[in-house]
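Structural description and commentary
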Amino acid sequence: MPTPMLKLDGERIILRQRMHRAFFILPLLAGLLLSTPLLLLSLAVERLAGRSHSHLPHSVAWILLALAALPISIFFFMALGSYLRCKIVLTSVQFVYATGLLFRRSGQVELSELQSASLQQSWSGRLLDYGTISINTSKKTLVILPYMSNVGRLLAEIQDAITAFHNRKQHGPLSS
């Protein structure tokens with residue numbers, strides 16, 4: 001169970017974000033590439049089993065086909081686990097992130113520690129609106145958030161939160 005995010009007095013959630021579904025493309029392609037030889041072998045065995053002089057049963061082709069589905073399934077479920085465990089929350093006080101399944105990166109960064117945020121996008125990322133957000137902190141930490149969806153809004157919200165925090169620090173809290 002994920003650890004709950006501590007909410008401080010007056011803290012409000014500005015943005016919750018998830019990874020983009022394009023994250024599934026590379027793992028599924030890798031699974032398909034690993035499965036291709038077994039898929040081709042199962043088709044060849046099925047063709048041979050269909051000939052009258054062959055002693056190969058059709059079940060061998062089905063077993064090979066099931067084995068071919070195994071890498072695709074493994075890569076898909078690992079990607080699904082990473083996707084479901086990814087959490088990005090920007091509040092008025094802090095930035096909380098958790099990404100990855102096997103190689104987990106997580107942390108909480110106070111807005112006072114955030115210095116800058118940048119975006120890297122490929123041509124497919126621009127087309128599908130996803131990209132990698134990099135955040136620099138005052139503690140020389142680089143937070144990298146790959147395959148984030150709606151990156152234009154996410155980047156703008158992070159930059160606005162940084163600016164608003166630094167303006168509050170310079171000018172003090174506004175009195176009502």
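Now for a quick tour of the structure. Predicted model only: the values in this text are computed from it and were never measured. (Residues numbered from 1 in each chain as written. Predicted model: local features only at pLDDT ≥ 70, side-chain atom pairs only at ≥ 80, totals over all residues. Heavy atoms only, no water.)

**Some remarks on the overall build of the protein chain**
- Secondary structure assignment for the protein chain yields four helices and seven strands.
- When burial is assessed residue by residue, the protein chain has 35% of its 176 residues classed as buried.
- In the protein chain, once contacts between residues fewer than 6 apart in sequence are set aside, the share between residues at least 24 apart is 50%.
- For the protein chain, the exposed area adds up to about 11300 Å²; of that, 64% sits on carbon and sulfur atoms. (Helix = DSSP H or I, 4+ residues; strand = E, 2+ residues; numbered from the N terminus. Buried < 20%, exposed > 50% of the residue type's maximum accessible area, 1.4 Å probe, protein only. Contact = heavy atoms within 4.5 Å. Areas by Shrake-Rupley, 256 points an atom, 1.4 Å probe, with all protein chains shown as cover.)

**Focus: the sheet that holds strand β6 (residues 130–137)**
- Taking strand neighbours across the sheet as the criterion, the three strands line up as β5-β6-β7 in an open arrangement whose pairing is antiparallel. Looking at strand neighbours, the two that pair on one side only are β5 (114–120) and β7 (142–149), the edges of this open sheet. Neighbour to neighbour, the strand axes of the sheet diverge by 20 degrees on average, direction disregarded.
- Here β6 pairs with β7 via six bridges, running antiparallel. Residue pairing across strands places Gly 131 opposite Met 148, the latter belonging to β7. (Pairing = 2+ DSSP bridges. Axes fitted to C-alpha atoms, helices over the stretch in contact; angles between N-to-C directions.)

**Here we look at the packing of aromatic side chains**
- On inspection of all chains with the given rule, the structure shows seven aromatic pairs.
- When the centroid spacing of 5.3 Å and the interplanar angle of 70 degrees are considered together, the rings of Phe 76 and Phe 77 count as edge-to-face.
- For Phe 76, a relative accessible area of 31% translates into the label partly exposed.
- Geometrically, the ring pair formed by Tyr 130 and Tyr 147 is stacked, given 5.6 Å between the ring centres and 15 degrees between the ring planes. Here Tyr 130, found in strand β6, pairs with Tyr 147, found in strand β7; they are 17 residues apart in sequence, far enough to count as distant. Across this residue pair, the class does not change: Tyr 130 and Tyr 147 are buried.
- By the ring-pair criterion, three or more aromatic residues cluster together here, those being Phe 23, Phe 24, Phe 76, Phe 77, Tyr 83, Tyr 130 and Tyr 147.
- Directly above the aromatic system of Tyr 83 lies the positively charged group of Arg 18, at a separation of 4.9 Å from the ring centroid. (Phe/Tyr/Trp six-rings, centres within 6.5 Å; stacked < 30°, edge-to-face > 60°. Lys NZ or Arg CZ within 6 Å of the ring centre and 35° of its normal.)

**Some words on the side chain of Thr 91**
- Topologically, Thr 91 is positioned in strand β2 (residues 87–91).
- Among the residues examined, Thr 91 registers a relative accessible area of 0% and is labelled buried.
- Only 3.1 Å separates the side chain of Thr 91 from the backbone nitrogen of Val 93, close enough to count as a polar contact. (Polar contact = N/O pair within 3.5 Å; in protein donor to acceptor, adjacent residues only side chain to side chain.)

**Quick word on the nonpolar core**
- With 30 residues, the main nonpolar core has Ile 88, Phe 95, Ile 133, Ile 135, Leu 145, Met 148 and Ile 158 as its most contacted residues.
- Elements supplying a minimum of two residues to this core: α2 (58–85), β2, β3 (94–99), β5, β6, β7 and α4 (151–171).
- A per-element tally of this core places α4 first, with seven residues.
- Residues contacting Ile 133, with those up to four places away along its chain left out, are Ser 118, Leu 119, Val 143, Ile 144, Leu 145, Met 148, Val 151, Leu 154, Leu 155 and Ile 158. (Core = buried A, V, L, I, M, F, W, Y, C linked by side-chain atoms within 4.5 Å.)

**Considering the sheet that holds strand β1 (residues 13–17)**
- Across the sheet, which stays open at both edges, the four strands sit in the order β1-β2-β3-β4 with antiparallel pairing between neighbours. Each end of this open sheet is capped by a strand with a single partner; those strands are β1 and β4 (105–110). Between one strand and the next, the sheet's axes are offset by a mean angle of 5 degrees, whatever the strand orientation.
- With four bridges connecting them, β2 and β3 associate as antiparallel partners. Pairing of Leu 90 across the sheet is with Phe 95, part of β3.

**Topic: helix α1 (residues 25–50)**
- In this model, α1 (26 residues) spans 35 Å end to end at C-alpha, consistent with the 38 Å of a helix rising 1.5 Å per residue.
- Residue Ser 35 marks the point of greatest curvature in α1, where the axis turns by about 40 degrees; the proline Pro 37 follows within four residues.
- For α1, the full list of buried residues reads Pro 27, Gly 31, Ser 35, Ser 42, Val 45 and Ala 49. (Expected span 1.5 Å × (residues − 1). Bend = angle between axes of the 7 residues up to and from the residue.)

Any functional reading would require information beyond the geometric quantities listed.
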